[in-house]
Amino acid sequence: MTYFVLNALFSLHFLLIYNFSDLIDKNEPINPPSKTEIDKGDLERFSKNKTIPQEIRQVVLEALSYFPDLIHTEIDFQFKNAIHGSVMQAQPKISSLLFQNKQNRAYRIKISRYLALEDETLPIESLPKEVLLGWIGHELGHIKDYLDRSAFNLLGFGVKYYLSNTFISEAETAADSYAVAYGLGEKIIATKNFVLNHEKIPLDYKKKIETLYLSPGEILSMVEMAEESPTEEN
C-alpha cells in the first residue's frame, strides 16, 4: 500500500514539474461586466456567500462591488495573526479544490490582523481606505485568475509559486491586470505607493514589492491603456 501511495505522489510531482508551461498561458482579454453606480446602502448584497470580519466589512463589500460576477463565489475573508512574507493571500480551499467542480469551488483570502512596521503594529482596518481597497482588490484579482483553472492546474500553480520568482511575477501581474480591468487601478497604485513610500515598512518587504510586482508607473500605464481602449457597443 505504501508503495502505491509513494508512486502516486511521485507521479503527481513529475506531472506538475512538466506542465508548468501551461499554468499561466492565459492571453485572452479580460472583459469585466459593466460597472454601475452602487449605492452604499446596497453593498450588503455583495455579502452573499461571503464570510467577512466585522472590522473590515464595509471596505470588503466595496471591493466586492467592483467584481459583481463574484457574487455567487464562496469567499471566506480570514484574519490571521501572521502570514509569512505577505500581508494578504488568496487561495482555493483545498477540500473544495479536490472534491468540487469549478463552479462550486470555495476560496479564502487570508488577511494579516496587523500590519507589521519596524517598531510597531497597526490594525489592518486603520490603513487608509483606498490602500485597503487596493490590497483587497488585488486579492480578488487572484481569485478571478483562479476561477477557470482546473484543480490540477491550481495544484501546480501553488507549487510553482513557491519555486519560481519569475512565476510569482507573472501571477501577481495577472492579479493586478484583473484589478485594473475591473476599475481598481487607482486603488492599486495607492497601495503600492503606500508600501514603497512608508518610512516604517520593513525594507525586505519593500524589496519584494519592487522586485516581483508591477511598479506604480506600470499600473498607471495599464490604467491609461484601459481608458483609451474603445468600448464595444452592444
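These remarks concern the structure in this document. (Residues numbered from 1 in each chain as written. Predicted model: local features only at pLDDT ≥ 70, side-chain atom pairs only at ≥ 80, totals over all residues. Heavy atoms only, no water.)

## Here's the deal with the sheet that holds strand β4 (residues 106-112)
Ordered in space as β1-β2-β4-β3, the four strands form an open sheet in which the pairing is mixed. The strands lining the two open edges of the sheet, one partner per strand, are β1 (50-51) and β3 (88-92). Here strand β2 (residues 74-80) runs beside β4; their pairing, made up of seven bridges, is parallel. Note on β4: the bridge partner recorded for Gln78 is Lys110. Together, β2, β3 and β4 form the strand contacts of helix α4 (residues 129-146), whose direction differs from that of β3 by roughly 20°. (Pairing = 2+ DSSP bridges. Helix = DSSP H or I, 4+ residues; strand = E, 2+ residues; numbered from the N terminus. Contact = heavy atoms within 4.5 Å. Axes fitted to C-alpha atoms, helices over the stretch in contact; angles between N-to-C directions.)

## So, the pairing of β4
Along β4, five of the seven residues are buried, which leaves the element largely enclosed by surrounding structure. Where β3 lies against β4, five bridges are found, and the strand directions are antiparallel. Looking at β4, one finds that Gln89 is bridged to Lys110. (Buried < 20%, exposed > 50% of the residue type's maximum accessible area, 1.4 Å probe, protein only.)

## Looking at helix α2 (residues 57-65)
Of all nine residues that make up α2, eight are buried, and the element is covered over most of its length. Those residues of α2 that sit buried are Arg57, Val59, Val60, Leu61, Glu62, Ala63, Leu64 and Ser65. Of the surrounding secondary structure, the elements contacted by the buried residues of α2 are β1, β2 and α4.

Limitation: the analysis is restricted to geometry and does not speak to function.
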